[in-house]
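# Structure assessment
Here are the chains, one letter per residue:
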Amino acid sequence: QVQLVESGGGLVQAGGSLRLSCAASGRFFTINVMGWYRQGPGKQRELVATITNGGSTIYGDSVKGRFTISRDNGKNTVYLQMDSLKPVDTAVYYCNAQARISLLSGISGYWGQGTQVTVSS
């Protein structure tokens, strides 16, 4: 069982910055990958960024150069620094973790409840 709790969302003006946090808790063997996805109004959920235990990152094309993902493995926490925000970034941002709850378990995906980010003009 893995619980993910996001924080840091809010309202910001275009060009501003926000920092999102997601902390994982519960019983698990290992969390291999953590990341962020978002879903804007009338849109499908899309990849924002992911990061592995070793620090390898992947970014969605729409956020490259503006967002930075980082991870504190000791705290099982992932962060998303969002700079140069645009109105098109307005969405619910969801934390995701790919984890094993035991050595014999396969990798399963877990989701947080989401945090709203609204960017005004």
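Located above this text is the structure these notes cover.
A brief report on the enclosed structure follows. Note that the structure is predicted; figures quoted are calculated from it, not measured. (Residues numbered from 1 in each chain as written. Predicted model: local features only at pLDDT ≥ 70, side-chain atom pairs only at ≥ 80, totals over all residues. Heavy atoms only, no water.)

### Let's talk about the overall build of the chain
Counting secondary structure elements, the chain contains zero helices and eleven strands. Counting helices and strands in the order they occur from the N terminus, the chain gives β-β-β-β-β-β-β-β-β-β-β. For 121 residues, the compact-globule formula gives about 14 Å, and the C-alpha radius of gyration of the chain, at 14 Å, lands near that figure. Taking the principal axes of its C-alpha atoms as reference, the chain extends roughly 50 × 25 × 20 Å. Working note: accessible area of the chain is about 6,300 Å², and carbon and sulfur atoms make up 49% of it. (Helix = DSSP H or I, 4+ residues; strand = E, 2+ residues; numbered from the N terminus. Rg over C-alpha atoms; globule rule 2.2 N^0.38 Å. Areas by Shrake-Rupley, 256 points an atom, 1.4 Å probe, with all protein chains shown as cover.)

### Comments concerning the state of the cysteines
Taken as a whole and assessed by the stated rule, the structure comprises one disulfide. Two residues, C22 and C95, share a disulfide whose sulfurs are 2.0 Å apart. Its S-S torsion of approximately -85° makes the covalent link between C22 and C95 left-handed. Note that C22 is positioned in strand β3 (residues 18–26) and C95 in strand β9 (residues 91–100), a separation of 73 residues in sequence. Across the pair, exposure class does not vary: C22 and C95 are buried alike. (Disulfide = S-S within 2.5 Å. Buried < 20%, exposed > 50% of the residue type's maximum accessible area, 1.4 Å probe, protein only.)

### Regarding the nonpolar core
Of all hydrophobic cores here, the largest spans 28 residues; its most connected members are L4, M34, W36, L80, M82 and Y93. For this core, the secondary-structure elements that each account for two or more residues are β1 (2–7), β3, β4 (30–39), β5 (46–52), β7 (67–72), β8 (77–82), β9 and β11 (115–120). Setting aside residues no more than four positions away along its own chain, Y93 makes contact with E6, L20, W36, Y37, R38, V48, F67, L80, M82, G114, T115 and V117. (Core = buried A, V, L, I, M, F, W, Y, C linked by side-chain atoms within 4.5 Å. Contact = heavy atoms within 4.5 Å.)

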